[in-house]
Amino acid sequence: MRVSVIIPSFYPAKHYGGSIFATLDLYKNFSKNKDFSVYVSSTNANGNTVLRLGADGKSIVNNRFHDPGFGFNIKYYKEIFVNYFSIYFLFGIWSDIFKANIVHIQSIFSYPTPVSLFICFLLQKKVILSPRGSFAEWALKYKSYKKRIWLNFFISPFVNKITWHATSKKEKKEITKLYPKADVFIMPDGINVIDYSSFVVKEHMGDFEKIVPFDYYKNKKVILFLGRIHEVKGLDNLLYAFAKYKRYNKDSILIVAGDDHGFKKKLFVIIKELKLQNDVYFTGKVYGNAKKTLYKISDLFVLPSHTENFGIVVAEALASGLPVVASNKTPWEDLDVHKCGKFVDNNLDSLFNGMVSLLDVSSSELSQNAVEYAKFFDWDKIVKMYKNVLFEM
């Protein structure tokens, strides 16, 4: 069975955050199944720039499929106007869809989506559509008038032909709020749990010291945030909550790992206001072993976002044995049930109370519970879900 995956940007376009990596890892793992062949159709967009290198680290190959060694094929359509138009896509995507048995489209508010939906309608193809957080209340508030027009003209006409993919119960509710009769299945993003749970920190501390010096966090409680530094992540709330925790426990630090998406300047103003200049450490973007080491040297992970359709960093933190405080605007309401975290209101006092309740208890049981909960999101389970969905369509 041939699966055509249509996504406006793809790895190594890291500008777009976790969904890019989630899609990459899904098809890396899924492509081990020989009942399916996967062809990813994307563009060379990477934020406001274009990709110079492809997924294999070599000069990008535009407008034709190639396997970069992942077990599936990728095609980067060259854009004439970045994020707005690719004549190569408009002509080439017909063939990609025609050859497919099932088409999986990811993203809502980008031009490849309505183009692909229209072609799928004409060719009578089975379609899965993943909103990837686009229907969250927070997201719909931004340019709301334009988005309503987009949905009415470019998405709604095809609703009855779509099988919707939600990554959480929260996202399913967001989809059915807009389209009450939508056919929705839930399939979370995944991780290879053993890569995090069995990671040996000592073997990588030398390189990690270049990112965060040991003396900075020695004998201190380390609170970690990892993700884009963007308004939606609620980092301003986290800073105020951490300032309160700092007064409660002076031997604590906050590490913020991620690249700036226009919000860092405001955070620096708050840090200065709260006199936290020596207590908050920005690492920049971290990957691979450095990221896994960061999880392992931390005592608590906090995700204070105003919205998340999933939040893969929570699964990674849990698999690393790290308890989690997550805001009630994320889909992690089962943290309390599994006794490995706190699901709290997204405000100063609730975040602070969550920190205290988790950092003041023995970490060994929390850590064990966290790893056990993370196993629900292991790729072996997710791939089986996806395979069953495709066979049932």
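Above this text you will find the structure in question.
Report on the accompanying structure. (Residues numbered from 1 in each chain as written. Predicted model: local features only at pLDDT ≥ 70, side-chain atom pairs only at ≥ 80, totals over all residues. Heavy atoms only, no water.)

## Thoughts on the pattern of salt bridges
Here comes step 1: If you walk through the whole model with that rule in mind, you get 13 salt bridges.
Here comes step 2: Residue Asp35 is joined to Lys387 by a salt bridge in which the shortest nitrogen-to-oxygen separation is 3.8 Å. Taken together, the residues Asp35 in the loop between α1 (18-30) and β2 (37-43) and Lys387 in helix α16 (residues 379-392) connect sequence positions 352 residues apart.
Here comes step 3: Of the residues examined, Asp35 reaches a relative accessible area of 41% and is grouped as partly exposed. (Salt bridge = Lys/Arg side-chain N within 4 Å of Asp/Glu carboxyl O. Helix = DSSP H or I, 4+ residues; strand = E, 2+ residues; numbered from the N terminus. Buried < 20%, exposed > 50% of the residue type's maximum accessible area, 1.4 Å probe, protein only.)

## Some thoughts on the packing of helix α13 (residues 312-319) against helix α15 (residues 363-374)
Here comes step 1: At a minimum axis distance of 7 Å, the contact between α13 and α15 shows a crossing angle of 130°. Taken together, the axes of α13 and α15 lie oblique to each other. As for how α13 packs across α15, the hand of that crossing is left-handed. Of the residues in α15, those in contact with Ala315, Leu318 and Ala319 of α13 are Ala370, Val371, Tyr373 and Ala374.
Here comes step 2: Taken together, the residues that form the contact of α13 with α15 break down as seven nonpolar, no polar and no charged. (Axes fitted to C-alpha atoms, helices over the stretch in contact; angles between N-to-C directions. Parallel < 35°, antiparallel > 145°, perpendicular 65-115°, else oblique. Left-handed = near helix turned anticlockwise from the far one by under 90°. Contact = heavy atoms within 4.5 Å. Nonpolar A, V, L, I, M, F, W, Y, C, P; charged D, E, K, R; others polar.)

## Quick look at the packing of helix α10 (residues 235-248) against helix α11 (residues 264-273)
Here comes step 1: Two elements in contact, α10 and α11, have axes separated by 10 Å at closest approach and are oriented at 15°. Compared by their axis directions, α10 and α11 come out roughly parallel. In the packing of α10 onto α11, the handedness of the crossing is right-handed. Together, Leu235, Asp236, Leu239 and Tyr240 of α10 and Lys266, Leu267, Ile270, Ile271 and Glu273 of α11 make up the contact between the two elements.
Here comes step 2: For the contact of α10 with α11, the residue count by class is six nonpolar, no polar and three charged.

## Re the packing of aromatic side chains
Here comes step 1: A complete count under the given rule lists 33 aromatic pairs for this structure.
Here comes step 2: A network of ring pairs unites the aromatic residues Phe10, Tyr11, Phe21, Tyr27, Phe30, Phe36, Phe70, Phe72, Tyr287, Tyr386 and Phe391 as a single cluster.
Here comes step 3: Sitting over the ring of Phe376, Lys381 keeps its end group 5.3 Å from the ring centre. (Phe/Tyr/Trp six-rings, centres within 6.5 Å; stacked < 30°, edge-to-face > 60°. Lys NZ or Arg CZ within 6 Å of the ring centre and 35° of its normal.)

## Looking at helix α14 (residues 348-359)
Here comes step 1: With 12 residues, α14 ought to run about 16 Å at 1.5 Å a step, and its terminal C-alpha atoms sit 16 Å apart, in line with that.
Here comes step 2: Turning to α14, its buried residues number three or more, namely Ser350, Leu351, Phe352, Gly354, Met355, Val356, Leu358 and Leu359.
Here comes step 3: If you follow the buried residues of α14, they end up packed against β10 (221-226), α10, β13 (300-303), β14 (324-327), β15 (341-344) and α15.
Here comes step 4: Here α14 starts with a cap whose side-chain oxygen sits 3.4 Å from the backbone nitrogen of Asp349, and that cap is Asn347. (Expected span 1.5 Å × (residues − 1). Polar contact = N/O pair within 3.5 Å; in protein donor to acceptor, adjacent residues only side chain to side chain.)

## A short note on the sheet that holds strand β12 (residues 280-284)
Here comes step 1: The strand order across the open sheet built from six strands is β12-β11-β10-β13-β14-β15, with neighbouring strands paired in parallel fashion. The open sheet is flanked by β12 and β15, the only strands paired with a single partner. Pairs of neighbouring strands in the sheet enclose a mean axial angle of 20°, with direction left out of account.
Here comes step 2: The pairing of β10 with β13 spans two bridges and is parallel. Residue Leu224 lies in a different strand from β13, and its bridge partner there is Phe301.
Here comes step 3: Packed on one face of the sheet, helix α12 (residues 288-297) meets β10, β11 (252-257) and β13 and runs near 140° to β10.
Here comes step 4: With respect to the sheet, α13 is in contact with β10, β13 and β14, its orientation differing from that of β13 by roughly 170°. (Pairing = 2+ DSSP bridges.)

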